[in-house]
Amino acid sequence: MSARDRILGKLKATMPATAPALPDVGGWFATHRVVESSADKAKRFRACIELAHAEVHAVTSANWLAKLLEVLRAKQIDKLLVAEETAHGEAVLNDFPRHGIDCQTYDLPIEAWKSEMFQQTPASLTVARAAIAETGTLILWPNADEPRLMSLVPPVHIVLLDAGKIYNTFFEAMQTEGWANGLPTNSLLISGPSKTADIQQTLAYGAHGPKELVVLMIGDEQ
Amino acid sequence: MSEHILQFKPSEGFRARSKAVVDNPFLRQSFRGAMDFLMSKRAAQFPDSEELESLRTLGESIRQYNLAKLPTLLEQLEANLTRNGIQVHWAETPDEANAIILGICQARSAKLMVKGKSMVSEEIELNHAAEAAGIGALESDMGEYIVQLAGEKPSHIIMPAIHKTKEEIARLFADKVEGVDYTDNVDALIQIGRNVLRQKFLEADIGLSGVNFAVAETGTLCLVENEGNGRMCTTAPPVHIAITGIEKIVEKLEHVPPLLSLLTRSATGQNISTYFNMISSPRKPGEKDGPSEVHLVLLDNGRSQAYADEQLRKTLQCIRCGACMNHCPVYTRIGGHAYGTTYPGPIGKIISPHMLGLEATSTMATASSLCGACGEVCPVKIPIPELLMRLREEAFTAPHANPSMVGQGAGYSWLMTSVWKGWAAVYRSPSLYGVATWLGSRFSWLMPSKQGAWTSVRVPLKPAPRRLRDMLKERGE
């Protein structure tokens, strides 16, 4: 008999005859969480993620590229990893080289350039699928265009967020978007730059992932 | 019960290890400061007591609902993970789990494994097994990396190096990390760790992680972390192996948000962790990164024993937040290493007997003041004090047929049982009680002045020279 059969056999032999009723998670959120206006959600999101040490810039669809350039210059970054098959990636590729920014694309499997990714990629730009106001959280679903390591390895991670796509809670995000019907290879919630307090409870940023997280929030005109 | 030899021997030297910490003012200060810090951070996250209570009730009901369906959900999880391309393995014991993991490593001729934080991998002593097989196993959580460099074990399930000062860590890095000079600047120390580990993420053949929640309906493995090392381990190497106890399962994806909120707020006082990672498959065609193989090892190691008993099953509700140890007056004073088990503190006292048997852990259930703090703060309402009382009964009553636990009666002593039986008889019978107190008051001078541990810090116990009933009689009452 396999370990699987032995374990399942033991559990089934002592399994309760009936399970309790399915917990009413939706009911709990309906009675314990307010539904805020778009402006309030953007404000709450921003306050929470800034508390987690992220840098947030309110931008418009017309000026986000200029703000991105300004952020890179302020941080003295002259190389940016972008996705070429996306609208925002194309916009950067069309504009930034003339400003002296070296635009790198993630067009090969990681095995072909792993060392370069880890050692010579100072910053990346990705887009957020949505965000969560309650916790100041970005929702990313990495894909073939913007793979998983893009939001993890470069020391500076810049994220483009549409302020109209901010949910009140994590629960609302997964329910509204029907995540239970199918999740991608990897889906992520990101709430600030990498951090640790493992040394004498002293908070330090840039433990393994990005040291800085920059959010360009399109449509938040505050 | 596993025959695996653990470095820790909880039954041996618990008292000596505890005393060593209590006698060390630096360690006491370290633990007290850290626990005070964590308690106040948690309290700040739950300003509304009504919300906290209702969320705890929801968390408890989610855990109990899922445990009630555990075998069915494990089969559903396996089917959906397999459909998603994740390979599922089952292990009854630590040795079986190690054999599975090392088998995967050897099939890839792996030389280096980078590990994210996983208490289950500590439970099975994976690092030792890997090293014995010639495979390097490197901890990448900053706290775990520090304790591994020091040749120690984690002393807390959330903050493994909580017992170390920054000066100790600075000396450790200067001694053990090549080319590093002494610095006790925390940012600089973190950068040293980052630089060493980044190179290892790049080189590693295998990434290993734990699992916080496994979602049956979607076939998804969820990981909670702040550092990004968990994401590195599950993304950068070509193979990802996850390991989890069989109880960390939820049926519905919607069960995750309440548990995640309870976990991060209870553990470190954060409203959410920096990263919440949901992995549902290996790299798909066209994707440019992520492991080509993902494995999940499901470990029993005594959990099915806890499951078999309705009361003890509540042990498995645990979501490993560590709040019970942060609020435990015993843990705060003796620290995590004194327990001699992978899981220290109150949760360790109730889960370890199932993993190691009561022979090795019978004294642990007695190392509690039963103040109830652990039960009050538990985010999923595990009745820890009630379970400790049950474990005391299991450990110290005479061995009997059909025991609920391995090692039942391991702490049984004929003398102790007889003394308590005599005590009960005296207190049940007014005439016997009268005779006993009469003798006690007349012969109180016979009481020794040294009464073991009691008189090390207290005056000797001595019956009063006159009984209460005699004094009342004199007053005519």
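A. Summary view of the overall build of chain B. Secondary structure summary: chain B contains 23 helices and ten strands in total. The C-alpha radius of gyration of chain B comes to 25 Å, within 12% of the 23 Å expected for a compact globule of 477 residues. Relative to its 477 residues, chain B shows a buried fraction of 59%. By sequence separation, contacts in chain B at least 24 residues apart represent 73% of the contacts at least 6 residues apart. As displayed, chain B offers around 18900 Å² of accessible surface, 57% of which is attributable to carbon and sulfur atoms. Charge centroids of chain B, computed over 51 positive and 51 negative side chains, lie 8 Å from each other.

B. Broad picture of the packing of helix α16 (residues 345-356) of chain B against helix α19 (residues 384-396) of chain B. Residues and elements named next belong to chain B. Running from N to C, α16 and α19 point in directions that differ by 40 degrees, and their axes come no closer than 10 Å. Classified by the angle their axes make, α16 and α19 are oblique. Crossing hand, α16 versus α19: left-handed. Taken together, the residues of α19 that come into contact with α16 (itself represented by P346, K349, I350 and P353) are I384, L387, L388 and L391. For the contact of α16 with α19, the residue count by class is seven nonpolar, no polar and one charged.

C. Quick peek at the interface of chain B and chain A. Facing 99 residues of chain B, the contacting portion of chain A comprises 79 residues. Our count for the chain B to chain A interface comes out at eight salt bridges. Of the charged contacts in the structure, one is a salt bridge between B:R283 and A:E111, with a shortest N-O distance of 2.7 Å. Remark: the boundary between chain B and chain A carries 46 residue pairs in polar contact (both at pLDDT 80 or more). Broken down by element, the residue count for the side of chain B that touches chain A peaks at eleven residues, all from helix α10 (residues 186-203) of chain B. Classifying every residue of the side of chain B that touches chain A gives 44 nonpolar, 27 polar and 28 charged. Summarising the sheet, strand β9 (residues 186-190) of chain A and strand β9 (residues 275-279) of chain B pair through five bridges and their orientation is antiparallel. Following the sheet pairing, A:N186 is matched in β9(B) by B:I279.

What counts, and at which threshold
Residues numbered from 1 in each chain as written. Chains lettered and ligands numbered in written order. Predicted model: local features only at pLDDT ≥ 70, side-chain atom pairs only at ≥ 80, totals over all residues. Heavy atoms only, no water. Helix = DSSP H or I, 4+ residues; strand = E, 2+ residues; numbered from the N terminus. Rg over C-alpha atoms; globule rule 2.2 N^0.38 Å. Buried < 20%, exposed > 50% of the residue type's maximum accessible area, 1.4 Å probe, protein only. Contact = heavy atoms within 4.5 Å. Areas by Shrake-Rupley, 256 points an atom, 1.4 Å probe, with all protein chains shown as cover. Lys, Arg positive; Asp, Glu negative; His and termini not counted. Charge placed at Lys NZ, Arg CZ, Asp CG, Glu CD. Axes fitted to C-alpha atoms, helices over the stretch in contact; angles between N-to-C directions. Parallel < 35°, antiparallel > 145°, perpendicular 65-115°, else oblique. Left-handed = near helix turned anticlockwise from the far one by under 90°. Nonpolar A, V, L, I, M, F, W, Y, C, P; charged D, E, K, R; others polar. Salt bridge = Lys/Arg side-chain N within 4 Å of Asp/Glu carboxyl O. Polar contact = N/O pair within 3.5 Å; in protein donor to acceptor, adjacent residues only side chain to side chain. Pairing = 2+ DSSP bridges.

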